[in-house]
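So the chains spell out like this:
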Amino acid sequence: MFDLPLIKPITLKQAEAAQRRLPRNHPMMAEVELKIRKLASGYRGEKTLNYFLGLLPEKSYHIFHGLRLPAQNSFFQIDALLLSPRLIILIESKNYSGTLNVEKHQLTQEVNNTKMVYDNPIAQVNRHKILLQYFFLKYQIPLIPIDTVADFTNASAEVKIANGYYEAEKYICKAGNLLMKMKELEKYYSKEQVDQKIIGKIRRLLLSKHTPVKSDFLKTLDINKTDILPGFLCSTCLVVPMKYCRNKWICPSCQQISKESCHEAIKDYFLLINTSITNSELQEFLQLPTRRAAAYQLELLKFPSTGTKKGRVYHPSKDFL
């Protein structure tokens, strides 16, 4: 069912790593924490959407979360795409709280005596529909009906639609009503348009062209890599660095002793500093006493590598981050 399962956004992982490894008084800490709140809220909404999609009959749809496809010299990202022989459904999910006023050209959010203005989610998902049609045309995919849903995942939000805005009344739903909305679409699109062979072709095309976002998180916030605190993080008091001594880590603050591997510390390195690492870089980042100690940690991690001897470069395995 889930050909592209929901995963935690890489930008959220990067923001959380930055929060762990920046000094508490860093001038950009407040901005990092704001990003975490926004990204975490969106991720919670996607998990709510994922829950309801998981209730659909197992073989009714191929489901793709966070599908990011090329469009000319850029990309567009779809929160959820559902593929079946009868139709394709694009879902734009929003996890906004408070009172939401949906108008033709914008959405306004009123919460805690603050008013914020956002893009109309119907316009967003319709734009994705057009771009997906262009994408299919480029790869000579037979026309399949594409319909759209703007899904509000926060159950406590109050959604108000402007009088006479019938398009919004048709395409907007709250997460709890999503299955009912799906039944309406399935009833309307009752005839199969393509066979399973074409569905398989589309599925393979979408997966092959999916391009996860890669961003230099620190650069977007104008944070220097030298601001990142190196070392092994104490899981008890969050002090960094712990001291390495004979295959274990000792916290200089609370005296906690850990024999855990350096997985989490190296994840932070890959998320914030670089997408590959050498023995000397690992030795410096973990503040290890010798190259041999660094080599031992790399042995435990079993990363794929390129090059030989001192020129060897290690890369994270596909599912490491």
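Structure's up top.
Residues numbered from 1 in each chain as written. Predicted model: local features only at pLDDT ≥ 70, side-chain atom pairs only at ≥ 80, totals over all residues. Heavy atoms only, no water.

**Thoughts on the packing of helix H9 (residues 279–286) against helix H10 (residues 291–301)**
Relative to each other, H9 and H10 sit at 100 degrees, their axes nearing to 9 Å. The pairing of H9 with H10 is recorded here as roughly perpendicular in orientation. Here Asn279, Ser280, Leu282 and Gln283 of H9 lie close against H10, whose contacting residues are Arg291, Ala294, Ala295, Gln297, Leu298 and Leu301. In terms of residue class, the contact of H9 with H10 is made up of five nonpolar, four polar and one charged. (Axes fitted to C-alpha atoms, helices over the stretch in contact; angles between N-to-C directions. Helix = DSSP H or I, 4+ residues; strand = E, 2+ residues; numbered from the N terminus. Parallel < 35°, antiparallel > 145°, perpendicular 65-115°, else oblique. Contact = heavy atoms within 4.5 Å. Nonpolar A, V, L, I, M, F, W, Y, C, P; charged D, E, K, R; others polar.)

**Details of unusual backbone geometry**
Even without glycine at this site, Asp222 takes up a positive phi of about 55 degrees. Position of Asp222 among the secondary structure elements: in the loop between helix H7 (217–220) and strand S11 (243–244). A residue is classified by how much of its surface remains accessible, and Asp222, at 68% relative accessible area, is exposed. Of note in this structure, Lys309 is not a glycine but carries a positive phi near 50 degrees. Take Lys309: it is sitting in the loop between strand S14 (305–306) and strand S15 (313–314). Relative accessible area serves as the criterion here: at 76%, Lys309 is assigned to the exposed category. (Buried < 20%, exposed > 50% of the residue type's maximum accessible area, 1.4 Å probe, protein only.)

**Concerning the pattern of salt bridges**
Enumeration according to the criterion identifies eight salt bridges in this entry. Here Arg203 and Asp3 are joined by a salt bridge, their closest N and O atoms 2.2 Å apart. Remark: Asp3 occurs in strand S1 (residues 2–4) and Arg203 occurs in helix H6 (residues 196–209); sequence separation between them is 200 residues. Using a relative accessible area of 30% as the deciding quantity, one classes Arg203 as partly exposed. In this structure, Lys94 engages Glu92 in a salt bridge whose closest nitrogen and oxygen atoms are separated by 3.2 Å. A residue is classified by how much of its surface remains accessible, and Lys94, at 13% relative accessible area, is buried. On the basis of relative accessible area, Glu92 is assigned to the buried category, the value being 5%. Three or more residues joined by partner-sharing salt bridges are found here, namely Arg20, Arg21 and Asp268. (Salt bridge = Lys/Arg side-chain N within 4 Å of Asp/Glu carboxyl O.)

Note that all results are geometric; they support no functional claim without further evidence.
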